Amino acid sequence: MTLVRVAPHLEQDVDLSKTYDAVVVGSGAAGGMAAHVLTTRGLKVLMLEAGKKLPIEQELRSMQWPYDHPRRGDAPPGYHSLSFNEYTIRTPPYAKNSTAKHVMSYVGGWGGSDYVKNILVDEKDHPYTGTKYAWVRARALGGKTNIWGRLALRLSDYDFKAKTHDGYGDDWPISYADLQPYYDKVDLYLGISGVKENLPHLPDSLFQRPNKLTSSEVKLREGLKKMGRVLTPYRAGVTTDGLKHNRYRSKCYGRGACDRRPGGCDIHAAFDSPTGLIYPAMDTGNLTVRPNSIAHEVLVDKNTGRARGVAFLDSATRKSYEAKAKVVIVAASTLESARLLLLSRSPQHPNGIGNSSGHVGHNFCEHVMGPGVTGLVKDLVGKPSTLDDGRPGGFYIPRFRNLKDRQPGFVRGYGFEGGGGFSIFPGNAFGTPGFGAQFKREVRDHAGAFIGMGGFGEVLSRYENYVDLDPDTKDAWGIPTLRFHYQFGDNERKMCEDMVVAGREMLEAAGIEVIGTDEKMLTEGWSIHELGTARMGSDPKTSVLNQFQQSHDVKNLFVVDGSSHVSASCQNPTWTIMALAWRSCEYLADEFKKGNV
Amino acid sequence: MTDATHPEGESLSRREMLEVTAAALAAPLVKLGPAAAPPALQAVSKFFTAPELALLDELAELIIPADAHSPGARAAGVAAYIDFRLSDSAEPEQQTKWRSGLAAVEALSKELNNGQAFLQASADQRVAVLTRMAAGEHDPKTPAEHFFQDLKGWTVRAYYTSKVGIHADQEYKGNVYQRGDYAGFDAT
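These numbers come from a predicted model, not from an experiment. (Residues numbered from 1 in each chain as written. Chains lettered and ligands numbered in written order. Predicted model: local features only at pLDDT ≥ 70, side-chain atom pairs only at ≥ 80, totals over all residues. Heavy atoms only, no water.)

J.: Help me understand the overall build of chain A in this model?
T.: Scanning chain A from N- to C-terminus turns up 14 helices and 18 strands. Radius of gyration (C-alpha) of chain A: 23 Å, near the 25 Å computed for a compact globule of 597 residues. Oriented by its inertia axes, the alpha-carbon framework of chain A measures out at about 75 × 55 × 50 Å. For chain A, the computed accessible surface area is about 20,100 Å², with 49% contributed by carbon and sulfur atoms. Taking the average location of the 73 positive side-chain charges in chain A and that of its 67 negative ones, the two points are 3 Å from each other. (Helix = DSSP H or I, 4+ residues; strand = E, 2+ residues; numbered from the N terminus. Rg over C-alpha atoms; globule rule 2.2 N^0.38 Å. Areas by Shrake-Rupley, 256 points an atom, 1.4 Å probe, with all protein chains shown as cover. Lys, Arg positive; Asp, Glu negative; His and termini not counted. Charge placed at Lys NZ, Arg CZ, Asp CG, Glu CD.)

Next comes the structure, spelled out in structure tokens:
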């Protein structure tokens, strides 16, 4: 079944003799959005992506039945995915001394490692050092948007003005009113499904039709209403009604494979950067894309100190090239962007470009996860199987802590992601004891009766959590790697303790029997929501970028990904990354036309 | 009974539960007598010897047997799938583990059943062996108890990802194009 048009052809030979208006490093949510906005405004853009252009539909095979795959979705022999234990017991570089031929991050272990083995980086080629950190990286056109979880949430002034609210950290240099029009643009251009809830701390999007709830989720929603809390259908960055302006993406048919693979959607109903942003940008005639291009330095004009382009290696040939541009836009992901800035040392920028503040790599923050609860809805035991997993996700419970109340143990808040009902694999089979006919019947009778949820909490932005360059370790291309100096603190620990208490309390309020709790925090990095390493701010001494993600030091340098975030909030960052990039690139296009950059 | 996934919520003791399980198993098995792998299974053997594969096939079927609702592990090809995965494995220690695990089952059968090999033992005697192996499910100590974890885990994986497991047993409704309204309930 062909629902989408074929991707535009990528030129083999990119013209590097000419000077582009802008060079964009990275092709994920941020880089894709920069390309979309700038090419629409008529700028000539070159995009460099470190990874390959994959035949992504063949990689994802979203509807392949497990039994039609020789290893039921597992990667071939020789691939190993890192486990929680490995991340916990050992320190990076995790692939060092591994006997496996290829080592993937933990995402490969979700089930379906064969579908992501070419999207995730091989940890053997991409070492890092320092403190424990589960760093998940995707090097391919589109980056992590190929496999993202799709939960698409807005931030509010509880986040942008968090310091004003509770005194901790720093406010953002923008407010919700500044970003709201751009959230709207992202919603309309890319499509988002959800239900309006009118919450001040989780503003509604311009939603397409929502995904539905299962009966156990309805029960929990009703129970939470009595507590003044909200369970809302998963707000998914998925077009459920279709997009007339995009010929590369189908609407969502509720096939549900998104629920049992690490995210990918082969009809692109779920947003990914190539079909959502990059191919349409190529259709303007203004975008040139060069994959296999590992950027390792932002080049500087010796006379002016301004950015003049980007040096990169071809990942296959290892040859060096320079891309010339009037503006350099870094969108390589929070940690890779910080690495690139730090690598770009010159007499004018001895600590790395854009780093006169010394804040590049610092204020590193993310979401903490791990704690959660599982419940059993007794009335559902023995009920016939129903179609419960034909949707991008289950539900989201927005933050309820430290809004009007003040928690004694911690500042900020957390939300829960969860789901209940039948899925393609009865996970309860692993936990049901015994064997034989009774075991088999129990697995069957209970398979759809569980509901589970896990917290995602704000990790406070702290200067002392940072990355820098390791002077001794290099990646497979000879480029210095990152060294982590990053740990959760007491606020995160207290918050995680509260997640378990609150989770239990909510299931109980809905009359759902709590059958298990997870109390452990997962390794730093597990949420894949790293943020903050080149934060925005109005003071050039304590921030890297201004409110338009423009370097305080170098006016023609922009960093438009999650590294610009001032605090992590507890909402998933992708939609905010794209709204900010849209806003900044409109500003950039205006300034460019005026000759100001 | 799923309480038992979390021991603190267990309503039956582990011992009582296993007795119930063993009783439920005994009845349909009496008819089978000494089992051997069907010829088709032996023909596809890639890693195990034919006797090993026959033993694995019987163990898997004891864990997930055919019942009135759906076929069991044998019909789902569980043993052949495990055999293929081990033949395909890049980790020799996995292969060693399975081979010695099956040997531990034989040793336990001989110990419990007057020197009888597992497939020569009666249906009741086979269930008794597996019951002993399963006794340490949450805290395995003996080689046979450790092997039970791998055996059950892989039987579960193989069965519930098979056509039989997904369609006949679970009657899974998804992985289809929903052309109209999505299934489920509105948030009201």
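So much for the structure itself; the text now carries on.
J.: Could you clarify how one ought to interpret the packing of helix α1 (residues 29–40) of chain A against helix α14 (residues 574–594) of chain A in this entry?
T.: The description of two helices packed together rests on the angle between their axes and the distance between the axes. Residues and elements named next belong to chain A. Two elements in contact, α1 and α14, have axes whose closest approach is 8 Å; the angle formed by their N-to-C orientations is 35°. The interaxial crossing formed by α1 with α14 has right-handed handedness. On α14, the residues that touch Ala-29, Ala-30, Met-33, Ala-34, His-36, Val-37 and Leu-38 of α1 are Thr-574, Ile-577, Met-578, Ala-581, Trp-582, Cys-585, Glu-586, Leu-588 and Ala-589. Across the contact of α1 with α14, the residue classes break down as 13 nonpolar, two polar and one charged. (Axes fitted to C-alpha atoms, helices over the stretch in contact; angles between N-to-C directions. Left-handed = near helix turned anticlockwise from the far one by under 90°. Contact = heavy atoms within 4.5 Å. Nonpolar A, V, L, I, M, F, W, Y, C, P; charged D, E, K, R; others polar.)

J.: How should I be thinking about the layout of surface pockets in this particular structure?
T.: Think of a ball as big as a water molecule: rolled over the atoms, this probe shows where empty space is left. Residue and element names in this part refer to chain A. Reported here for the second largest pocket is a volume of approximately 450 Å³. Lining of the second largest pocket is provided by 22 residues; of these, Lys-52, Asn-118, Leu-120, Asp-122 and Asp-125 occupy positions nearest its centre. Ranked by the residues each element gives to the lining of the second largest pocket, the list is headed by strand β4 (residues 102–104), at three residues. Residue classes in the lining of the second largest pocket are distributed as 11 nonpolar, six polar and five charged. (1 Å grid on protein atoms, 1.4 Å probe; cavity = no way out; pocket = protein on both sides within 12 Å on 5 of 7 lines; lining within 4 Å. Points joined across faces, edges and corners; volume = space filled by probe spheres on them.)

J.: How should I be thinking about the side chain of A:Thr576 in this particular structure?
T.: Residues and elements named next belong to chain A. You can see Thr-576 is positioned in helix α14. For Thr-576, a relative accessible area of 0% translates into the label buried. Among all residues touching Thr-576, those that are not within four sequence positions of it are Leu-153, Leu-155, Leu-179, Tyr-183 and His-565. (Buried < 20%, exposed > 50% of the residue type's maximum accessible area, 1.4 Å probe, protein only.)

J.: Explain the environment of A:Ala22 here, please?
T.: Residue placement: A:Ala22 occurs in strand β1 (residues 19–25). The sequence separation of A:Ala22 and A:Asn556 amounts to 534 residues, and the corresponding C-alpha distance is 9.3 Å.

J.: Just checking my understanding: could you explain the interface of chain A and chain B for this structure?
T.: Much of the literature gives interface size as the accessible area that the parts lose upon coming together. On the chain B side, the residues contacting the 63 residues of chain A number 68 residues. Taken together, both faces of the contact between chain A and chain B bury some 5,800 Å²; the carbon and sulfur share is 58%. It is A:Lys212, A:Phe435 and A:Lys440 in chain A that bury the most area against chain B; as a group they hold 15% of the surface buried on that side. Linking chain A to chain B there are six salt bridges. Notably, a salt bridge pairs B:Asp186 with A:Lys212, separated by 3.1 Å at the nearest N-O pair. The tally of links from chain A across to chain B stands at 34 residue pairs in polar contact (both at pLDDT 80 or more). Per-element accounting of the side of chain A that touches chain B gives the leading share, eight residues, to helix α12 (residues 437–446) of chain A. (Buried area = accessible area lost by both parts, 1.4 Å probe. Salt bridge = Lys/Arg side-chain N within 4 Å of Asp/Glu carboxyl O. Polar contact = N/O pair within 3.5 Å; in protein donor to acceptor, adjacent residues only side chain to side chain.)

J.: Help me understand the confidence of the model for chain B in this model?
T.: Atomic detail in the predicted coordinates should be set aside for any region of low pLDDT. Summing up the model confidence of chain B, the mean pLDDT is 82 and the portion of residues at 70 or higher is 77%. Averaged pLDDT values over the elements of chain B bottom out at 33 in helix α1 (residues 14–29) of chain B and peak at 98 in helix α8 (residues 163–169) of chain B. (pLDDT = per-residue confidence, 0-100.)

J.: Would you take a moment to explain empty space enclosed by the protein for this structure?
T.: Counted according to the given criterion, the structure contains six cavities of 30 Å³ or more. By volume, the largest cavity is sized at about 110 Å³. Residue lining of the second largest cavity: A:Lys212, A:Leu213, A:Thr214, A:Leu387, A:Asp388, A:Asp389, A:Gly390, A:Arg391, B:Gln178, B:Tyr182, B:Ala183 and B:Gly184, and that is the complete set. Of the residues contributing to the lining of the second largest cavity, the split by class is four nonpolar, four polar and four charged.

J.: Explain the nonpolar core here, please?
T.: A general tendency of soluble globular proteins is for nonpolar side chains to be buried together. In terms of nonpolar packing, the biggest core is built from 161 residues, with A:Leu220, A:Ile329 and A:Ile397 touching the most fellow members. In contact with A:Ile329, not counting residues within four places along its chain, are A:Ala22, A:Val23, A:Val24, A:Val25, A:Ala34, A:Leu38, A:Phe558, A:Val560 and A:Leu588. Ranked by size, the runner-up nonpolar core spans 43 residues in total, among them B:Tyr81, B:Leu119, B:Phe147 and B:Tyr160. (Core = buried A, V, L, I, M, F, W, Y, C linked by side-chain atoms within 4.5 Å.)

J.: I'm lost on the pattern of salt bridges in this one. Help?
T.: Between side chains of opposite charge, a pair can form as their charged atoms come close. Counted under the stated rule, the structure contains 48 salt bridges over all chains. In this structure, the salt-bridge partner of A:Arg139 is A:Glu336, at a minimum N-O distance of 3.2 Å. Linking A:Arg139 in the loop between β5 (129–130) and α5 (157–160) with A:Glu336 in helix α10 (residues 334–343), this pair joins segments that are 197 residues apart in sequence. Pair check on accessibility: A:Arg139 and A:Glu336 agree, each one buried. Here B:Asp139 and B:Lys141 are joined by a salt bridge, their closest N and O atoms 2.7 Å apart. Residue classification places B:Lys141 among the exposed positions, given a relative accessible area of 60%. Several salt bridges converge on common partners, so that one network encompasses A:Arg61, A:Arg71, A:Asp114 and A:Lys117.

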